[in-house]
Amino acid sequence: MSNYDNTTLIAASLKKRYARERRFQWYGRFAVFIGFVFLIVLLADIVSKGMPAFTQHFIKVDVTLDADRLGLPENPTQQDYFGADFGGVVKASLREMFPEVSGRGDKKQLYRLISVGAEYDLRDHLMANPELVGTTQSIWLRAHSEAGSYLKGQVSRALPEADRKVKDIQMDWLDQLRRDGRTQSRFNTVFFTAGDSREPELAGIRAALQGSFFTLMVTFLLAFPVGVMAAVYLEEFAPRNRLTDLIEININNLAAVPSIVFGLLGLAVFINFFELPRSAPLVGGMVLSLMTLPTIIITSRASIQAVSPSIREAALGVGASQLQTVLHHVLPVAMPGILTGSIIGMAQALGESAPLLMIGMVAFIMDAPSGVTDPSTVLPVQIFLWADSPERGFTEKTSAAIIVLMGFLILMNALAVFLRRRFEMK
Amino acid sequence: MQTSTVLLVLVALCIASFFFARRKSHAVAHGSGGLTTLHSLPKHYGYMALAWAGLPALAALALWSALEPRMLEAEVVSSLPAEVRALPEQQFGLYYNQILGYASGGMNAAELDEVQLAAADRYSALAARFSWLRSALVFAVALAGAVLAIRRVQPALRARNHVESIIRWILFSCSFLAVLTTLGIVLSVLFEAVRFFQVIPLTDFLFGLEWSPQMAIRSDQVGASGSFGFVPLLVGTLLISAVAMLIAVPVGLMSAIYLSEYASRRFRTLTKPVLEILAGVPTVVYGFFAALTVAPLVRTLGESVGLTVASESALAAGVVMGIMIIPFVMSLSDDIINAVPDTMREASLGMGATMSETIRKVLLPAALPGIVGGILLAVSRAIGETMIVVMAAGLSAKLTANPLEAVTTITVQIVTLLVGDQEFDSPKTLAAFALGLVLFFVTLLLNVVALYVVRRYREQYE
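Remember, predicted model here, so these are calculated numbers, not experimental data.

Reading guide: rules and limits
Residues numbered from 1 in each chain as written. Chains lettered and ligands numbered in written order. Predicted model: local features only at pLDDT ≥ 70, side-chain atom pairs only at ≥ 80, totals over all residues. Heavy atoms only, no water. Helix = DSSP H or I, 4+ residues; strand = E, 2+ residues; numbered from the N terminus. Rg over C-alpha atoms; globule rule 2.2 N^0.38 Å. Buried < 20%, exposed > 50% of the residue type's maximum accessible area, 1.4 Å probe, protein only. Contact = heavy atoms within 4.5 Å. Areas by Shrake-Rupley, 256 points an atom, 1.4 Å probe, with all protein chains shown as cover. Lys, Arg positive; Asp, Glu negative; His and termini not counted. Charge placed at Lys NZ, Arg CZ, Asp CG, Glu CD. Disulfide = S-S within 2.5 Å. Salt bridge = Lys/Arg side-chain N within 4 Å of Asp/Glu carboxyl O. Domains from an automatic or database assignment. Buried area = accessible area lost by both parts, 1.4 Å probe. Polar contact = N/O pair within 3.5 Å; in protein donor to acceptor, adjacent residues only side chain to side chain. 1 Å grid on protein atoms, 1.4 Å probe; cavity = no way out; pocket = protein on both sides within 12 Å on 5 of 7 lines; lining within 4 Å. Points joined across faces, edges and corners; volume = space filled by probe spheres on them. Nonpolar A, V, L, I, M, F, W, Y, C, P; charged D, E, K, R; others polar. Expected span 1.5 Å × (residues − 1). Bend = angle between axes of the 7 residues up to and from the residue.

**Student:** What exactly am I supposed to notice about the overall build of chain B here?
**Tutor:** Looking only at helices and strands, chain B features 16 helices and 2 strands. Scaling as 2.2 N^0.38, a compact globule of 462 residues should have a C-alpha radius of gyration of about 23 Å, whereas chain B reaches 32 Å, well beyond that. Judged by the C-alpha coordinates and their principal axes, chain B covers about 85 × 80 × 35 Å. The 462 residues of chain B split such that 47% are buried. Sequence-distant contacts, at least 24 apart, represent 73% of the contacts inside chain B between residues at least 6 apart. Total accessible area on chain B is roughly 22200 Å²; 65% of this is exposed by carbon and sulfur atoms. The centroid of the 30 positive side-chain charges in chain B is displaced by 17 Å from the centroid of its 30 negative side-chain charges.

The following block contains the structure:
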């Protein structure tokens with residue numbers, strides 16, 4: 001009767017086993033769910049922190065553009081404008097708007113409502129419209145970043161005054177200005193047109209974007225041709241010998257070398273030995289191209305391998321040389337796959353920052369570089385620099401720069417996916 | 001002449017030689033009875049001349065550009081008075097740099113002395129002459145190459161084979177660049193590291209328990225000797241990597257199992273790319289997330305249960321690093337689980353085992369070597385990861401295994417030692433290269449072992 005016993009035993013254990021099966025499945029679902037949660041929290045955190053940075057507040061101030069007060073002579077030259085006391089005029093206008101303010105401390109707080117860059121905006125405005133001298137104008141001036149963050153509702157009065165940079169008295173003024181319709185939120189154009197600045201409301205990513213562009217251009221110009229040629233050699237020409245093995249082992253290992261080590265290489269070889277300029281997109285691009293080469297070679301080899309041998313045989317059969325076969329027939333077919341891999345490699349290079357810290361691309365750059373040898377920084381490094389700044393205005397800028405960076409990455413990856421789809425359809 | 005002008009003229013010369021050679025091939029073909037008597041197409045003769053004109057000239061240009069600063073320096077230095085030449089190396093470097101600065105227009109004459117001004121003038125004159133010499137050399141080489149090639153154009157010349165062998169060499173040198181890169185890495189780190197070990201004994205570095213790389217400027221300063229004990233950095237790195245693995249391995253492995261064994265095809269094709277976004281997020285973004293969101297969160301959570309948590313705790317950096325590595329572990333384990341033959345799966349299911357029993361008792365044991373290899377690769381990634389720890393981990397090298405305290409890592413120290421002004425003879429800067437050497441070899445070792453294990457595992461089922 002042992003047979004019967006076994007069946008009951010199994011039947012009895014079935015419930016437990018099925019429960020365990022279900023539990024196991026739930027572990028799996030939970031793991032996938034956790035992955036999703038991480039992704040969503042990460043993206044939501046960045047987006048919610050960064051969105052406010054795309055707008056900026058302006059305050060309407062009645063400015064008396066008195067020539068004497070400004071120190072402008074008749075028919076002022078450009079030099080005169082640059083020497084004129086616009087800062088004093090802005091301060092005087094603020095004092096006129098709030099005549100009850102007295103005492104040095106309070107006045108200082110009052111001046112801090114307006115950005116230090118406002119006087120330059122005013123100067124440019126007046127230089128463009130010289131006929132305004134002698135009149136009183138209502139002009140929208142850029143708000144200071146701390147005042148802006150209060151107007152955006154990011155600072156609460158409930159916080160103890162010592163813990164926040166916007167003081168109670170400033171909040172009163174700002175509330176009054178808001179009631180009078182003298183505050184306005186606008187799209188933050190400075191963020192896309194300016195370089196780095198010490199003031200959050202004047203800082204932008206233009207210089208970093210341009211630096212990224214130059215760096216990536218150098219990377220692509222070096223890594224793409226060299227990578228494709230290396231892949232062609234290894235797939236189509238390389239004899240099976242020790243040297244080829246050595247090359248292959250090296251490529252596979254380089255793909256896994258930490259990126260910071262490439263930075264050390266760039267510092268020791270390109271900067272100290274060849275004495276190329278520090279902080280330049282040229283050197284940055286060279287380092288990043290060495291870093292992305294393995295990716296490009298590996299993906300290019302895979303897509304050359306995927307070309308059907310019949311194409312090769314047909315070309316060789318009608319008398320093409322090996323090189324002609326590759327150049328005229330194999331490479332065109334493999335090209336979409338090679339491009340996909342290269343774009344993914346470029347996306348990696350765009351997001352990379354560690355090796356660039358080593359070669360000095362971590363500098364305070366106000367002006368956009370105009371060539372590959374100018375000192376510059378790149379977008380990820382700009383993010384790194386801003387993330388270190390204690391001002392809350394920069395936290396917002398950092399997240400906004402991340403949003404822009406991720407936008408570019410998504411674009412590049414979408415392009416790669418699109419190319420792959422088209423390739424697969426063939 | 002500027003480099004770009006030289007290059008442009010060189011390109012023009014190359015194009016011209018292409019057309020000359022092609023015309024010559026037409027001419028010689030006519031002389032011997034039609035184009036069919038040529039071994040190669042006319043354009044191949046053109047390409048041959050182009051290569052002969054361009055390649056040696058480019059090599060000459062590169063060589064000259066590499067040697068020029070040294071030749072200039074030698075010439076200028078030899079003209080300086082003896083007492084200047086007798087200056088100590090550092091002062092002399094400064095002195096010479098001032099000359100260069102003035103010659104390039106970056107400095108005022110007021111900051112320099114008479115001798116320097118004379119030397120700067122001499123430098124400018126020499127530089128102008130050298131620039132002409134360089135252009136002359138490059139163009140002479142290009143012309144000579146082109147003339148030689150064009151003179152060789154004959155119907156019997158195997159121009160196509162010639163061109164193809166040149167191209168083959170170019171292709172080879174492109175792939176050989178990988179070897180040169182590795183060599184460059186090893187040599188550059190090794191060279192500086194050896195200089196470091198001349199000052200700090202190797203044993204102090206490998207077994208020292210204290211890391212504070214402050215070297216005194218004057219020898220009588222307090223705490224004059226920095227200590228370069230590498231152990232706290234290693235422990236910190238391993239601690240953060242361990243936290244990362246505790247997050248990444250269970251989540252990554254279970255997701256891979258669920259997606260490859262349970263999920264519907266549709267769910268899988270939708271889910272995998274979304275989770276792989278995590279791999280495409282730049283590390284600097286993770287660093288920002290770790291420093292500004294996760295670290296304060298960990299701190300508040302810890303304090304709410306009465307623990308003291310450092311504001312730059314290893315836990316926060318490790319958790320975020322784990323999130324970054326999830327997709328890496330996931331896709332590696334996915335590959336490996338898929339490589340297990342279906343026959344094993346079916347045999348187990350056919351015996352009445354449930355799917356989870358099959359996975360735990362058959363698939364995972366069979367895939368174990370591969371998964372271990374994958375995890376080793378992930379560990380090597382975690383050790384080499386820089387930005388997250390630079391932004392979210394601390395700077396103080398504390399020897400602790402408590403993830404709630406602030407620790408520092410190898411990569412953090414490399415960055416802090418090298419960012420900013422550097423002098424290339426202080427042990428502080430050289431220490432970064434010693435750390436780089438260690439980092440390179442540790443990750444290399446992990447990768448080699450991991451790849452070996454994975455390959456052996458694959459071969460088992462092929």
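On we go.
**Student:** Please clarify how the state of the cysteines should be interpreted in this entry.
**Tutor:** What makes a disulfide is a covalent bond joining the sulfur atoms belonging to two cysteines. Residues and elements named next belong to chain B. As enumerated under the stated definition, the model contains 0 disulfides over all chains in all. Cysteine 14 forms no disulfide, and the closest cysteine sulfur to it belongs to cysteine 174, at a distance of 17 Å. Take cysteine 14: its relative accessible area is 11%, and that puts it in the buried class. Looking at cysteine 174, the relative accessible area reads 10%, which means it is buried.

**Student:** Can you walk me through the pattern of salt bridges in this structure?
**Tutor:** Pairs can form between side chains of opposite charge once their charged atoms are near each other. Under the defined criterion, the tally for this structure stands at 25 salt bridges over all chains. Put simply, arginine 301 of chain A and glutamate 248 of chain A hold a salt bridge, and the shortest N to O gap is 3.1 Å. Here arginine 301 of chain A, found in helix α13 (residues 281-305), pairs with glutamate 248 of chain A, found in helix α11 (residues 242-254); they are 53 residues apart in sequence, far enough to count as distant. Assessed through its relative accessible area of 19%, glutamate 248 of chain A is described here as buried. Its salt-bridge partner being lysine 398 of chain B, residue glutamate 405 of chain B comes within 2.8 Å of it at the nearest N-O pair. For lysine 398 of chain B, a relative accessible area of 38% translates into the label partly exposed. Counted as one network, the salt bridges with shared partners bring together Glu235, Arg240, Asp245, Glu248 and Arg301 of chain A.

**Student:** How should I be thinking about the domain arrangement of chain A in this particular structure?
**Tutor:** Much of the literature gives interface size as the accessible area that the parts lose upon coming together. In terms of domain boundaries, chain A breaks down into domain 1 (2-51), domain 2 (54-199) and domain 3 (206-425). Put simply, the middle of domain 1 of chain A and the middle of domain 2 of chain A, counted by C-alpha atoms, are 58 Å apart.

**Student:** Looking at this structure, I do not really get the interface of chain B and chain A. What am I missing?
**Tutor:** At the junction of the two partners, chain B supplies 78 residues and chain A supplies 72 residues. For the pair chain B and chain A, the summed buried surface comes to about 6500 Å²; carbon and sulfur atoms form 77% of the total. Of all residues in chain B, Leu171, Tyr258 and Phe288 of chain B bury the most surface against chain A, accounting for 9% of the area lost on that side. One can count 1 salt bridge joining chain B with chain A. Residue arginine 17 of chain A is joined to glutamate 357 of chain B by a salt bridge in which the shortest nitrogen-to-oxygen separation is 2.8 Å. Our enumeration of links across chain B and chain A arrives at 14 residue pairs in polar contact (both at pLDDT 80 or more). In terms of residues, the side of chain B that touches chain A owes the most to one element, helix α6 (residues 159-199) of chain B, which gives 19 residues.

**Student:** Help me understand empty space enclosed by the protein in this model?
**Tutor:** With a probe scaled to a water molecule rolled over the atoms, the places where space remains empty come into view. Residue and element names in this part refer to chain A. Taken as a whole and judged by the stated rule, the model has 4 cavities of 30 Å³ or more. Its boundaries defined by the atoms lining it, the largest cavity holds a volume of some 140 Å³. Together, 17 residues line the largest cavity, and Ser145, Gly148, Lys152, Glu201 and Glu396 are the ones closest to its centre. Listed by contribution, the elements that provide at least two residues to the lining of the largest cavity are β1 (55-64), α7 (145-151) and α18 (392-425). Class assignment of the residues belonging to the lining of the largest cavity gives a composition of 2 nonpolar, 10 polar and 5 charged. Both domains that meet at the lining of the largest cavity, namely domain 2 (54-199) and domain 3 (206-425), each give it at least three residues.

**Student:** Could you clarify how one ought to interpret α6 of chain B in this entry?
**Tutor:** Residues three or four positions apart in an α-helix share a direction because the helix packs 3.6 residues into each turn. An ideal rise of 1.5 Å per residue puts 60 Å on 41 residues; α6 of chain B measures up with 58 Å between its terminal C-alpha atoms. Of all the bends in α6 of chain B, the greatest measures close to 30° and is centred on phenylalanine 176 of chain B.

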